[in-house]
Amino acid sequence: MEDLKKSIKEISNEEIIRIVISNKMNKENEYNKINISLKEKNNKEYYQIEKFTDKQVFHENIDKNDLEVKLLEFMQDYKQLAAWSANNNFDLKISKKGKVFLGKKKSDNINLLNKSHNKEKNYILKEGMIIQPLIDLGVFTKEGKVVKSMYDKYKQINRFVEIIDDEIRKNDYKELTILDFGCGKSYLTFVLYYYFVEIKKINVKMIGLDLKKDVIKKCNDIAKRYGYENLSFELGDINGFKYNNKVDMVITLHACDTATDYALYNAIKWNSKMIFSVPCCQHEFNHQMKAESLSILTKYGIVQERIAALMTDATRANLLEAVGYKTQLLEFIDISHSPKNILIRASKGNLSKDKKEKSLQEVNTLIEQFNFDPTLYKLLKDDNLI
Ligand SMILES: C[S@@+](CC[C@H](N)C(=O)[O-])C[C@H]1O[C@@H](n2cnc3c(N)ncnc32)[C@H](O)[C@@H]1O
């Protein structure tokens with residue numbers, strides 16, 4: 001206990017930008033992972049805690065000075081903590097016998113932030129643009145500067161918009177209906193609305209859907225306050241969500257686990273022209289995976305987890321091909337900024353019968369080899385879509 005206290009004190013003595021706590025000791029613990037990030041609002045810094053269950057993320061804000069106590073509390077239940085300060089990377093591990101190991105490596109993380117800052121001039125959303133909802137949501141200061149602790153979010157949003165922009169340029173769209181599944185606080189949703197209406201001058205109708213009542217209310221209040229008439233937010237589950245008009249584009253950013261599959265399924269059913277989806281928390285395959293002849297892949301937990309996540313997204317991409325979408329997997333954001341860094345880009349195209357069959361066959365082979373039972377596959381099959 002004393003070693004743990006000492007290590008946490010050493011970490012907390014620096015200004016930590018980000019922390020990831022993982023490897024829970026007790027399977028019953030509902031939170032698989034905890035992220036802690038330094039945030040800034042109204043010139044006051046604080047830490048935001050995100051606790052990830054299989055399906056949801058829960059947020060809590062704490063005073064900067066309470067970090068040390070909070071970390072000590074969390075580390076009673078988890079075996080691993082990674083932290084990044086401006087100058088160092090920390091890696092804290094607790095062994096099965098309770099021994100504490102603290103690794104510390106010099107790393108110029110501030111430079112990393114500054115580098116992304118310099119790249120800003122190429123972004124579609126430039127610093128200095130006054131996008132009022134983003135000021136309210138704490139991404140920009142009143143002067144239109146990016147809040148330091150929100151750089152990662154800012155970069156992610158910009159990258160997402162850039163990827164959409166590449167696709168949008170291919171056609172002369174006059175109007176689009178867009179669904180953002182698992183919109184959460186809706187940073188992306190507000191920015192996209194701004195991008196379509198103010199920059200591209202395209203008439204859009206956008207709907208954000210999420211399970212969280214308070215978040216939906218807040219987003220609707222913001223949309224109303226800024227007179228964003230065609231942007232609305234609805235409370236509901238992606239699984240079973242009904243919308244009776246055409247939907248041209250479906251987006252998801254970090255819709256947890258199989259929520260991404262339900263979103264893709266809805267898009268396929270609606271015959272949406274475009275899909276942009278950044279999955280996260282891909283647990284399904286990891287829970288199902290058996291690999292008798294390739295047991296090396298399941299021998300190490302971390303290898304299994306990563307490979308299962310990659311196979312999940314490859315399967316999703318192939319299933320999209322099997323139903324006629326031209327699909328790519330792109331690196332969404334540098335892995336040093338977020339490990340959730342794959343974006344599925346799919347657009348309705350003329351795929352040959354052979355190509356579709358081959359994609360489906362590849363999925364079947366994978367399923368057989370590793371005992372997978374993918375949600376998206378089941379949904380499509382039950383609906384006779386494959
Ligand atoms: C990690 S957050 C991402 C929020 C936002 N897209 C972003 O990137 O900032 C995931 C969100 O998906 C929502 N979510 C998860 N499963 C869902 C479901 N089945 N239906 C609707 N929303 C869901 C959660 O409530 C949460 O707000």
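Residues numbered from 1 in each chain as written. Predicted model: local features only at pLDDT ≥ 70, side-chain atom pairs only at ≥ 80, totals over all residues. Heavy atoms only, no water.

1. As for the nonpolar core
Turning to step 1, where the next piece is worked out: The biggest cluster of nonpolar side chains holds 53 residues, and the ones touching the most others in it are Phe160, Ile164, Ile168, Leu176, Phe196 and Met249.
Turning to step 2, where the next piece is worked out: Among the elements that line this core, the one with the most residues is helix 6 (residues 187-199), at 9 residues.
Turning to step 3, where the next piece is worked out: For Met249, the residues in contact, after removing those within four places along its chain, are Ile164, Ile168, Leu176, Thr177, Ile178, Leu179, Phe196, Ser272, Met274 and Phe276.
Turning to step 4, where the next piece is worked out: Grouped together as the second largest cluster of nonpolar side chains are 37 residues, Tyr265, Trp270, Phe285 and Ile344 included. (Core = buried A, V, L, I, M, F, W, Y, C linked by side-chain atoms within 4.5 Å. Buried < 20%, exposed > 50% of the residue type's maximum accessible area, 1.4 Å probe, protein only. Helix = DSSP H or I, 4+ residues; strand = E, 2+ residues; numbered from the N terminus. Contact = heavy atoms within 4.5 Å.)

2. Focus: the packing of helix 1 (residues 2-12) against helix 2 (residues 67-74)
Helix packing geometry: the angle between the two helix axes and the distance between the axes.
Turning to step 1, where the next piece is worked out: Where helix 1 contacts helix 2, the axes come no closer than 9 Å and their chain directions differ by 140°. One way to sum up the angle between helix 1 and helix 2 is to call them oblique. For helix 1 against helix 2, the interelement crossing comes out right-handed. The segment helix 1 lies against helix 2, with Leu4, Lys5, Ile8, Lys9 and Ser12 engaging Glu68, Leu71 and Leu72.
Turning to step 2, where the next piece is worked out: Its residues assigned to classes, the contact of helix 1 with helix 2 shows 4 nonpolar, 1 polar and 3 charged. (Axes fitted to C-alpha atoms, helices over the stretch in contact; angles between N-to-C directions. Parallel < 35°, antiparallel > 145°, perpendicular 65-115°, else oblique. Left-handed = near helix turned anticlockwise from the far one by under 90°. Nonpolar A, V, L, I, M, F, W, Y, C, P; charged D, E, K, R; others polar.)

3. Section: the side chain of Gln304
Turning to step 1, where the next piece is worked out: Within the element layout of this structure, Gln304 appears in helix 11 (residues 301-322).
Turning to step 2, where the next piece is worked out: Apart from residues no more than four positions distant in its own chain, Gln304 is found in contact with Asn286, Met289, Leu297 and Thr298.

4. Let's talk about the sheet that holds strand 14 (residues 342-348)
Turning to step 1, where the next piece is worked out: Read from one edge of the open sheet, 7 strands run 10-9-8-11-12-14-13, paired in mixed fashion. Among the strands making up the open sheet, the edge pair consists of strand 10 (231-235) and strand 13 (325-331). Averaged over all pairs of adjacent strands, the angle between their axes in this sheet comes to 15°, without regard to strand direction.
Turning to step 2, where the next piece is worked out: In terms of strand pairing, strand 8 (residues 175-181) meets strand 11 (residues 249-256) through 4 bridges, oriented parallel. In the strand pairing of strand 11, Phe181 is matched with Thr252.
Turning to step 3, where the next piece is worked out: On top of the sheet, helix 7 (residues 213-225) reaches strand 9 (203-210) and strand 10; it is set at about 165° to strand 10, its chief contact. (Pairing = 2+ DSSP bridges.)

5. Considering the packing of aromatic side chains
Turning to step 1, where the next piece is worked out: What the rule picks out here adds up to 15 aromatic pairs.
Turning to step 2, where the next piece is worked out: Seen from their ring centres, Phe241 and Trp270 are 6.2 Å apart, and the 85° between their planes marks the pair as edge-to-face. Of the two residues, Phe241 is situated in the loop between strand 10 and strand 11 and Trp270 in helix 8 (residues 259-270); the sequence distance between them amounts to 29 residues.
Turning to step 3, where the next piece is worked out: On the accessibility criterion, Phe241 (11% relative accessible area) is buried.
Turning to step 4, where the next piece is worked out: Among the residues examined, Trp270 registers a relative accessible area of 18% and is labelled buried.
Turning to step 5, where the next piece is worked out: Here the aromatic residues Phe190, Tyr193, Tyr226, Tyr228 and Phe233 are joined through ring pairs into a cluster of three or more.
Turning to step 6, where the next piece is worked out: Of note, Arg18 hangs over the ring of Trp84, and the distance from its end group to the ring centre comes to 5.2 Å.
Turning to step 7, where the next piece is worked out: The cationic tip of Lys33 hangs over the ring face of Phe52; the distance from NZ or CZ to the ring centre is 4.7 Å. (Phe/Tyr/Trp six-rings, centres within 6.5 Å; stacked < 30°, edge-to-face > 60°. Lys NZ or Arg CZ within 6 Å of the ring centre and 35° of its normal.)

6. Notes on the pattern of salt bridges
Turning to step 1, where the next piece is worked out: For the coordinates displayed, the defined rule picks out 28 salt bridges.
Turning to step 2, where the next piece is worked out: Note that Lys200 and Asp165 form a salt bridge whose closest N and O atoms lie 3.4 Å from each other. Taken together, the residues Lys200 in the loop between helix 6 and strand 9 and Asp165 in helix 5 (residues 151-168) connect sequence positions 35 residues apart.
Turning to step 3, where the next piece is worked out: Between Lys246 and Asp248 there is a salt bridge, and its shortest N-O distance comes to 3.0 Å.
Turning to step 4, where the next piece is worked out: Assessed through its relative accessible area of 48%, Lys246 is described here as partly exposed. (Salt bridge = Lys/Arg side-chain N within 4 Å of Asp/Glu carboxyl O.)

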